[in-house]
Amino acid sequence: MVDYHAANQSYQYGPTSAGNGAGGGGSMGDYMAQEDDWDRDLLLDPAWEKQQRKAETAANRICKVLAVNQENEHLMEDYEKLASDLLEWIRRTIPWLEDRVPQKTIQEMQQKLEDFRDYRRVHKPPKVQEKCQLEINFNTLQTKLRLSNRPAFMPSEGKMVSDINNGWQHLEQAEKGYEEWLLNEIRRLERLDHLAEKFRQKASIHEAWTDGKEAMLKHRDYETATLSDIKALIRKHEAFESDLAAHQDRVEQIAAIAQELNELDYYDSHNVNTRCQKICDQWDALGSLTHGRREALEKTEKQLEAIDQLHLEYAKRAAPFNNWMESAMEDLQDMFIVHTIEEIEGLISAHDQFKSTLPDADREREAILAIHKEAQRIAESNHIKLSGSNPYTTVTPQIINSKWEKVQQLVPKRDHALLEEQSKQQSNEHLRRQFASQANVVGPWIQTKMEEIGRISIEMNGTLEDQLSHLKQYERSIVDYKPNLDLLEQQHQLIQEALIFDNKHTNYTMEHIRVGWEQLLTTIARTINEVENQILTRDAKGISQEQMQEFRASFNHFDKDHGGALGPEEFKACLISLGYDVENDRQGDAEFNRIMSLVDPNHSGLVTFQAFIDFMSRETTDTDTADQVIASFKVLAGDKNFITAEELRRELPPDQAEYCIARMAPYQGPDAVPGALDYKSFSTALYGESDL
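Reading the values: the criteria
Residues numbered from 1 in each chain as written. Predicted model: local features only at pLDDT ≥ 70, side-chain atom pairs only at ≥ 80, totals over all residues. Heavy atoms only, no water. Helix = DSSP H or I, 4+ residues; strand = E, 2+ residues; numbered from the N terminus. Buried < 20%, exposed > 50% of the residue type's maximum accessible area, 1.4 Å probe, protein only. Contact = heavy atoms within 4.5 Å. Areas by Shrake-Rupley, 256 points an atom, 1.4 Å probe, with all protein chains shown as cover. UniProt positions renumbered as here; feature names shortened; annotations may be inferred. Polar contact = N/O pair within 3.5 Å; in protein donor to acceptor, adjacent residues only side chain to side chain. Core = buried A, V, L, I, M, F, W, Y, C linked by side-chain atoms within 4.5 Å. Expected span 1.5 Å × (residues − 1). Bend = angle between axes of the 7 residues up to and from the residue.

1. Observations regarding the overall build of the protein
- Secondary structure assignment for the protein yields 25 helices and four strands.
- Each of the 692 residues in the protein was classed as buried or not, and the buried ones make up 41%.
- Sequence-distant contacts, at least 24 apart, represent 81% of the contacts inside the protein between residues at least 6 apart.
- Working note: accessible area of the protein is about 37,400 Å², and carbon and sulfur atoms make up 51% of it.

In C-alpha cells:
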C-alpha cells in the first residue's frame, strides 16, 4: 500500500509542531489527537482513494509481468539443461560409433554387433523421446514469449535446435557407417577364415606331393646305370615333368590365396607369407633341379633300346588320372560359402554333374590297371625281370585304387554337406520371406500415416479442438501399432544372427523402418504441439473459429508445395495480397525484411502457420509493453524517476520484490538517493529492448 504521509508531502505540522519543538505549550497527546483527525480527513478524501486504486492496479500489473518473466526463465533453464544433457550424450556416443578398430575373430565382431543392437533397442529410444520433448518445450516457450510480447528465446551458443538436429544427424550417420562397417568386417573375417583354411589345405597337399622330390632330382643314379636303365630314367623323368607341370596350377592358386589374404589384412599374414615363400622357393628349386637332371640324362643318353610301350602307356594315362583323382578329392573336401538358394543349387548341380562322370572315370581306372596287368603278363611270359616298379611313374595300381576308394567315400559326405547347406539356405529364405511379408506391411503403413497426419495438419475440417482430438486418436493408434514393429525387430534379429545380408523380397530394411517410425512419432508429437499452440494463441488473442479458418485458408493458398510452411517468396506474395507494400524495390525490401525478422526470428527461411497467426493477429492483441510497465513502476515510486527497495517490498509480494531488487541496476540520475534503483532499464530489459 502507498504511504499516505508520502502521498501528502505538502501537509506540515504547522506552528503547533514548531512550538512544541521550541519548548512551547501542547503535549504528545494533543499531537496524536491532531494526527487522528488528519487520518480521518484523508480517508474521506476522494483523491486519496483514487491514488490508492491506481497503486493497486500498478502493483497487480507488475506482479503479472514478473510472474510471466519468471516462468519463462524457468522454461529457458529447463531447455538449456535438457539440451546440454542430450548434446553431451551425443558427444559421448559418436566416438564409440566411429571406432573402427577391427577384431581378429568373427565371434568378437559379432559381440560388437550385439552391443550395437542393444544400443539401438535400449539406449537410443529414450534419447529420441528426449529430443522430441526438447523441441516441444522449445516451441511452447517461443509461443509463450510471443504471447507475452517478449523477444524470441535464443539458446546458448551450440544449443540451438538446429545444433541438436545437426548433432543428431551426425549421430545417425555414424550409426549407419558403424553398422555397415560391422557387417563388412564380419564378411571380411568370414572370407579370411575360409581363405586361410583353403590355403592350409592346398599347401599341405602340395607339401605332401613335393616331399622327397628334391632328393630324387638330386640323385646321381645315372652315373652307374646301364643303357637300359638310362632309357628308363629318361622316361621316368618325362613323366615327372608332366606331373610337375600339372602341379603348376596348384602353386599359382596357393600364391593367389596368399596374396588375397595380404590384401584383406589377415592377422596371421606373416606365417602365411613365410609358408608361401617357402613353397615358391621350393617350386623354383624343383624347376631348376628338373632342368638340370634332364640335361644330365640327355648327355649320357645313347642308343635307345626298345621301349616298354605298356609301361609308358600306363604312366601317360596314370599320371593325368592320378591328378584328376587328387583334384577330385580336393574339390570334394573344398569348403564353400553360399548365401542364397540359387548358389547352393548351383553347387548341387555341379556336384551331380561330377557324379555323372564317375562311371567313365571307373572305366578309365580299369583300363589303366589292365595295362599294368598286361605288362606283368608279358614280362612273366617272356621271362623279363622287372625292377618291381614302373620306371616311368611312381603312381602304382595300389595308389590308384586307394585314391579311387577315397573318392568313393568323399562323394556321399559331400552329398550330406550340400544337403545340410541347402536346408540352411531354405531356412534363411523362409526368414527373408517372413521379414519381407511384415516389412511390406509396416513400411507402407508408416508412410500412409505420415501422409494422413500431413493432411490433417493443413485441412480446415472442424475446430482446432476437433483437430487436436483427431491427432491424439492417431497418436494412440500409432502407439498401439508398436507391437508390429517389435515383431519386425525380432525377425530382423533372427536374420542378422543367421548372417543374412540381402533380401530380394522387399525394398525395406530395418534401418528404413526404424527411421520412418522415429519420424512418425516425432511428426505426430510436433503436429499435436502445433495445434495446442494454435489453441493457446487463439484463446489468448480472442481469435474466432471463423478467423482461424480464414487464416488457414490463406496460408494453404500460398503454400504451393504443401510443405506446411511458407518460403520467403510465398510469404511475400501473401503480404502483397493483403495490401502490404513489399514490392521488389528498396523500400519494399526493407519492409519485407522487417516483417521477416518478426515471423522468423531464428532465420530459418520458413514461416510456420503459428508465426503467420501471430503476425496476422499482432494488432488486435492486448499485451503489456515496456512503457506500460515503466508507468506502473512510476506509480509505485510516487512519480519519482527511481524506486527504493523499501517501496518494492511494501507494494509487491516478497518473492517478486526480491526478484526486482536483485536485477535492478542502481539509479544514476542527478536526483538519485542512497539505495535508488533504476526501474526503467529493468522494464525495457524484460521486453528485450536492453540487457538485464
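So much for the structure itself; the text now carries on.
2. Here we look at the environment of leucine 471
- Tracing the sequence through the fold places leucine 471 in helix α15 (residues 464-480).
- For leucine 471 and threonine 527, which are 56 residues apart along the polypeptide, the C-alpha to C-alpha distance reads 7.8 Å.
- Leave out the neighbours within four places in its chain, and leucine 471 touches Ile453, Ile456, Ile524, Thr527, Ile528 and Val531.

3. What about the UniProt feature "coiled-coil region" (unreviewed entry) in the protein?
- The UniProt record marks residues 230-264 with the feature "coiled-coil region" (unreviewed entry), using the residue numbering of this structure.
- The span residues 230-264 shows a helical share of 94% and a strand share of 0%, and its end C-alpha atoms are spaced 50 Å apart.

4. Concerning the side chain of glutamine 496
- Note that glutamine 496 resides in helix α16 (residues 482-497).
- Overall, the relative accessible area of 9% leaves glutamine 496 in the buried class.
- At 3.4 Å, the side chain of glutamine 496 forms a polar contact with the side chain of glutamate 179.
- When near neighbours in sequence (up to four residues on either side) are disregarded, glutamine 496 contacts Leu113, Arg117 and Glu179.

5. With respect to the nonpolar core
- With 46 residues, the main nonpolar core has Trp517, Phe571, Val607 and Phe612 as its most contacted residues.
- Elements with a minimum of two residues in this core: α14 (397-458), α15, α16, α17 (510-541), α18 (545-558), α19 (568-577), α20 (586-599) and α21 (609-616).
- Beyond its immediate sequence surroundings of up to four residues, phenylalanine 612 is in contact with Phe551, Ser554, Phe555, Phe571, Cys574 and Val607.
- Formed by 42 residues, the second largest nonpolar core is a distinct cluster that contains Phe138, Tyr178, Trp181 and Tyr266.

6. Examining α19
- Taken as a whole, α19 has its buried residues at Glu570, Phe571, Lys572, Cys574 and Leu575.
- In the segment just after α19, glycine 579 is the residue with positive phi, at about 100°.

7. A word on helix α5 (residues 106-147)
- Between its terminal C-alpha atoms α5 stretches 59 Å, which fits the 62 Å expected from 42 residues at 1.5 Å a residue.
- At lysine 124, α5 shows its strongest bend, of approximately 45°, with the proline proline 125 following within four residues.
- Downstream of α5 by one or two residues, asparagine 149 has phi in the positive range, about 60°.

8. Digging into unusual backbone geometry
- Positive phi values are uncommon outside glycine, yet asparagine 149 reaches one of about 60°.
- Looking at the element boundaries, asparagine 149 is found in the loop between α5 and α6 (161-210).
- A positive phi is found at leucine 499, a non-glycine position, where the angle reads about 55°.
- Considering the arrangement of structural elements, one finds leucine 499 in the loop between α16 and α17.

9. What to know about the environment of proline 412
- Note on placement: proline 412 falls in helix α14.
- By relative accessible area, proline 412 is classed as partly exposed at 44%.
- Between the C-alpha atom of proline 412 and that of leucine 332, which follows or precedes it by 80 residues, the distance is 9.7 Å.

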